Amino acid sequence: MMNWNDYKNYVSTVDPESAKDLKEAEEIAEIITVLVKQSKDSGLSQ
């Protein structure tokens, strides 16, 4: 069974365009994670 990193490496070799999409999605996820953490730390709710 593949893990996330194995899958990303596989996609990178098979389809470079999809690899770019995966990289972009991970970058966006990092930003969202920071925003959610800051919101929680500030005591803000939805």
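Our structure is the block above this text.
Anyway, here's the lowdown on the structure attached to this text. (Residues numbered from 1 in each chain as written. Predicted model: local features only at pLDDT ≥ 70, side-chain atom pairs only at ≥ 80, totals over all residues. Heavy atoms only, no water.)

**Thoughts on the pattern of salt bridges**
Close approach of charged atoms lets side chains of opposite charge pair.
Then, number 1: Under the definition given, this model contains 3 salt bridges.
Then, number 2: Here Lys23 ties to Glu27 by a salt bridge, and the two come within 2.7 Å at their closest N and O atoms. In this pair, Lys23 and Glu27 are both assigned in helix H2 (residues 16–41), 4 residues apart and thus about one turn of the helix distant.
Then, number 3: Exposure remark for Glu27: the relative accessible area of 39% places this residue in the partly exposed category.
Then, number 4: As a salt-bridge pair, Lys37 and Asp41 come within 2.8 Å of each other at their nearest N and O atoms. Taken together, the positions of Lys37 and Asp41, both in helix H2 and 4 residues apart, correspond to about one turn of that helix. Note on accessibility: Lys37 and Asp41 belong to one class, exposed. (Salt bridge = Lys/Arg side-chain N within 4 Å of Asp/Glu carboxyl O. Helix = DSSP H or I, 4+ residues; strand = E, 2+ residues; numbered from the N terminus. Buried < 20%, exposed > 50% of the residue type's maximum accessible area, 1.4 Å probe, protein only.)

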